[in-house]
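Structural overview
Each chain, letter by letter, is given below.
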Amino acid sequence: MTEYYKLGDALMADRIAVQARDIDKPRYGEGTHSHKIQFTKLRGSAYCVIELPLKSVRERR
Amino acid sequence: MKTNLSQVEATKAWPWSARSTDWLLAKPEEREKFIVLGDSAGLTKEDIEEKVRRVKGSIQLEQLVMTMPFGGLEPADVLYLMEENASLRQEIEQIKQKLSELEERIPEERVIVLREISREEAKEEIRQLFLNGRTLYYSDIAEELGLDLKLVVDICHELQESGEIGVDDRVL
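Residues numbered from 1 in each chain as written. Chains lettered and ligands numbered in written order. Predicted model: local features only at pLDDT ≥ 70, side-chain atom pairs only at ≥ 80, totals over all residues.

1. Focus: the overall build of chain A
- Secondary structure summary: chain A contains 1 helix and 7 strands in total.
- Reading chain A from its N terminus to its C terminus gives the helix and strand order β-β-β-β-β-β-β-α.
- Expressed as a percentage of its 61 residues, the buried residues of chain A come to 11%. (Helix = DSSP H or I, 4+ residues; strand = E, 2+ residues; numbered from the N terminus. Buried ≥ 20, exposed ≤ 12 C-beta atoms within 10 Å, placed from the backbone.)

This is the structure:
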């Protein structure tokens, strides 16, 4: 698992979990092809991770 | 004193008695008769008091009507105000509908108190959570157990490496 600390590092995924001391209210906008998009900012000890669907291995067998 | 009952009945319908009209229509020389007799002719004291009360009530009612919002308005103005009122009500309904739509879009705020427990305790709780066979994301675990997201990610990584949990390919 890689952690990115450098300024300008980016994450891109369908589902990212975030945590921070303060999260701005989301602003709504128009994305490409008339898709709606939301913007927000995390401030203070922000942590983001690309989510994974996890399951017990024993259960799957 | 004799009372003319038909006259009393008539005055109940309208405080201005027929006698008053008679007085107005009468010739000047005949008016004296009305003045002498007055309205009390054929009426008891109680009847006169009743008439006075009705006249006062009528005046008060008239004053009330004059002070009502539409008291001094023309019918066209009243009609315009009614149309304006209807359109404003319609606008309020539209605003209410839009407001409820916006409220639905705002995510519900929920306070999660992060517990400060040892790493080993947290690991055990996460293991227990996976025992029921559910597919869970990092955020689900952090929310359900009230744990720090980074701690959850670290522990899940450890559990993945030890082969206890794995990525559910069916969801991807």
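Read on for the rest.
2. Notes on the overall build of chain B
- Along chain B, the regular secondary structure elements total 8 helices and 1 strand.
- Helices and strands appear in chain B in the N-to-C order α-α-α-α-α-α-α-α-β.
- Residues counted as buried form 9% of the 172 residues belonging to chain B.
- Sequence-distant contacts, at least 24 apart, represent 50% of the contacts inside chain B between residues at least 6 apart. (Contact = placed C-beta atoms within 7 Å.)

3. Concerning the confidence of the model for chain B
- In the predicted model, chain B carries a mean pLDDT of 79, and 70% of its residues have values of at least 70.
- A low-confidence stretch, residues 5-13 of chain B (pLDDT under 50), is modelled with 8 contacts involving residues beyond four sequence positions or located in other chains. (pLDDT = per-residue confidence, 0-100.)

4. A closer look at the interface of chain B and chain A
- Contacts between the two partners involve 21 residues from chain B, matched on the other side by 13 residues from chain A.
- Those elements that provide at least two residues to the side of chain B that touches chain A are α7 (138-145), α8 (149-161) and β1 (165-167) of chain B.
- Ranked by the residues each element gives to the side of chain B that touches chain A, the list is headed by α8 of chain B, at 5 residues.
- The residue inventory of the side of chain B that touches chain A, partitioned by class, reads 12 nonpolar, 6 polar and 3 charged.
- Across 3 bridges, the pairing between strand β7 (residues 54-56) of chain A and β1 of chain B is antiparallel. (Nonpolar A, V, L, I, M, F, W, Y, C, P; charged D, E, K, R; others polar. Pairing = 2+ DSSP bridges.)

5. Focus on the pairing of strand β1 (residues 16-19) of chain A
Residue and element names in this part refer to chain A.
- The alternating pattern of β1 places Ala17 and Gln19 on a buried face, while none of Ile16 and Val18, on the opposite face, is buried.
- Note that β1 and strand β6 (residues 47-50) share 4 bridges and pair antiparallel. Bridged to valine 18 within β6 is cysteine 48.

6. With respect to the packing of helix α6 (residues 119-130) of chain B against α7 of chain B
All names here are of chain B.
- The contact between α6 and α7 brings their axes to 11 Å, and the two run at 110°. It follows from the interaxial angle that α6 and α7 lie roughly perpendicular. In this structure, α6 crosses over α7, and the sense of that crossing is right-handed. Note on element contacts: α7 touches α6 through Ile141, Glu144 and Leu145, opposite Glu125, Ile126 and Leu129.
- Among the residues making up the contact of α6 with α7, the classes are represented as 4 nonpolar, no polar and 2 charged. (Axes fitted to C-alpha atoms, helices over the stretch in contact; angles between N-to-C directions. Parallel < 35°, antiparallel > 145°, perpendicular 65-115°, else oblique. Left-handed = near helix turned anticlockwise from the far one by under 90°.)

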